[in-house]
Each structure stands twice: as structure tokens, then as C-alpha cells.
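These are the residues of each chain, in order.
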Amino acid sequence: MTPLQQVPLRRGVMDRLHAAVPSASEAVVGTLLWGAAMGASALASLLLAGWETPDRIRFVALLYVLGGMLAFPVGLTLARLASRGRQWETAFAAAFVWLLAATLAFTGGLFALQYRSYYAEWHAPAFTLTWAFEFAFTMLTALYQFVVLGVRLYFPLGFAALVGVSIWFTRQRR
């Protein structure tokens, strides 16, 4: 393959990526609504369970709001890339899967970073071999705890919001 043949391929990938990125208004409104929906889901679940103190409930809800806000533009872009030129069923599935994956990844990542910052004072000095093991296993433990304990906070409100946004996405793709 000659370098001249590579230029259209790069341009095609960049054109698809550019077309998949949401507009600024869509990203801002979607980010705010998605973050609010994820935070409301966590807040409702924690309040109904009578969990801990109001300060801790607010902190966990804030993690879910931030995770949702970070996840929306990424999930929407990936869903658009995956569903470009395909049937409505594929668009629905792409939105469902990519928004779910991005939301879980960002919220779980924020949870893991907070978990790590709590345990950091008992870890070895930074960038040593012991520290690397402690860092890796602390993050893995945090992600495991998020999957086991944190994912349930998305039910039922977060799941309903996910279905609603997936339907909205499918209607936009027509």
C-alpha cells in the first residue's frame, strides 16, 4: 500500500468520528440530564435503604452524577459509531450497551479513585514495587466492590433512564 492510498482511509475514519461526536448543545444538555438521572437513581436507592448518614449519601450520589456526566458524551459517540448506517434495532442496542458500559466504567473509575485515596496513607512510598502491587490490588478491589454493591443503585430509575435514552437515540438515527 502506498502512502497516497492511506490518506483517504484516514480521512474516512476522521469523517466518521467527526460525524459521531455530538453537537455542543446536545452534549451539554445530555450530560446534565444523564448525570442528574444517574445521581437521582443512586440517591433514591440509598434513601429508600436508609443508608448511612446524609453526608455519605450525598457523596455517593455525587459520584454517580459525575460518572454519568463523564459517560454521556463518550457513550453517545461510541453508540453513533457502532450504529452508523444500520437498522433501528442495532441503534437501540448500541445506545443501550455503550451508554451502560461508559456509565459503569466512569462511575466505577471514580469510585476506585476515591477508594484508593482513602487507603493511600497506609500504602508504601509512591512508585515502588510494593506500592504498584498495593495500587493495583486496591483498584481491583474497589472495582469488584462497585460491581457487587454499586451497580444495584442504578435500579430501577437508572435502568428506566437507559431504556428511555436508547429509545430517544433510535428515534434520532432515523
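Relevant structure appears above.
What you see is a predicted model; the values in this text were computed from it and never measured.

**Here we look at the nonpolar core**
Part 1 of the reasoning: In terms of nonpolar packing, the biggest core is built from 22 residues, with Trp34, Tyr64, Phe72, Leu99, Leu153 and Phe169 touching the most fellow members.
Part 2 of the reasoning: When contributions to this core are tallied by element, the ones reaching two or more residues are α2 (24–49), α3 (54–83), α4 (88–119) and α6 (157–172).
Part 3 of the reasoning: Among the elements that take part in this core, α3 stands out by supplying seven residues, more than any other.
Part 4 of the reasoning: In this structure Phe72 touches Glu26, Ala27, Gly30, Thr31, Trp34, Leu99, Val165 and Trp168, once residues within four positions along its chain are discounted.

**Details of unusual backbone geometry**
Part 1 of the reasoning: Geometrically, the link from Phe155 to Pro156 is a cis peptide bond, its omega value of -5° lying close to zero.
Part 2 of the reasoning: Positionally, Pro156 belongs in the loop between α5 (129–150) and α6.
Part 3 of the reasoning: Unusually for a residue other than glycine, Glu52 sits at a positive phi of about 45°.
Part 4 of the reasoning: In this structure Glu52 comes out as partly exposed when scored by relative accessible area, which is 48%.
Part 5 of the reasoning: Positive phi, normally seen in glycine, also occurs at Phe127, with a value near 65°.
Part 6 of the reasoning: Residue position: Phe127 is located in the loop between α4 and α5.
Part 7 of the reasoning: On the basis of relative accessibility, which here comes to 74%, the residue Phe127 falls in the exposed class.

**Notes on the pattern of salt bridges**
Part 1 of the reasoning: If you walk through the whole model with that rule in mind, you get three salt bridges.
Part 2 of the reasoning: Across the salt bridge formed by Arg56 and Glu52, the nearest N and O atoms sit 3.3 Å from each other.
Part 3 of the reasoning: Of the charged contacts in the structure, one is a salt bridge between Arg58 and Asp55, with a shortest N-O distance of 2.4 Å. Placement of both Arg58 and Asp55 in helix α3 is noted, with a separation of three residues, approximately one turn of the helix.
Part 4 of the reasoning: Look at Asp55 and you get exposed, because its relative accessible area is 54%.

**Observations regarding the layout of surface pockets**
To find the voids left in a structure, one rolls a probe of water-molecule size over its atoms.
Part 1 of the reasoning: Of the voids in this model, the largest pocket is the one considered here, and its volume is about 550 Å³.
Part 2 of the reasoning: Along the wall of the largest pocket there are 18 residues; nearest its centre are Trp51, Val60, Phe111, Gln114 and Tyr115.
Part 3 of the reasoning: Going through the elements one at a time, α3, α4 and α5 are the ones with two or more residues in the lining of the largest pocket.
Part 4 of the reasoning: Of the residues that constitute the lining of the largest pocket, the class distribution is 13 nonpolar, three polar and two charged.

Parameters at a glance
- All residue numbers refer to position in the chain's written sequence, counted from 1.
- In keeping with the model being predicted, local features are shown solely for residues with a pLDDT of at least 70 and side-chain atom pairs are shown and tallied solely at 80 or more, while totals for entire chains, interfaces and linings include all residues.
- Where side-chain values are given, they derive from all heavy atoms of the structure, hydrogens and water being excluded.
- We call a set of buried Ala, Val, Leu, Ile, Met, Phe, Trp, Tyr and Cys residues a nonpolar core when their side-chain atoms join them within 4.5 Å.
- Burial here depends on accessible area, computed with a 1.4 Å probe over protein chains only, as a share of the maximum for the residue type. Under 20% is buried, over 50% is exposed, and the range in between is partly exposed.
- Secondary structure is summarised from DSSP: a helix means a run of H or I of at least four residues, a strand means a run of E of at least two, and numbering begins at the N terminus for each.
- By definition in these notes, contact holds between two residues if any of their heavy atoms fall within 4.5 Å.
- We count a salt bridge whenever a side-chain nitrogen from Lys or Arg sits within 4 Å of a carboxyl oxygen from Asp or Glu.
- Grid spacing is 1 Å over the protein atoms alone, the probe is 1.4 Å, and a cavity is where that probe fits but cannot get out, while a pocket is an open set with protein on both sides within 12 Å along at least five of seven lines and lining residues have an atom within 4 Å of a point.
- Grid points are joined across faces, edges and corners, and a volume is the space filled by probe spheres set on the points.
- Any residue outside Ala, Val, Leu, Ile, Met, Phe, Trp, Tyr, Cys, Pro, Asp, Glu, Lys and Arg is labelled polar, Gly included; the first ten of those are nonpolar and the last four are charged.

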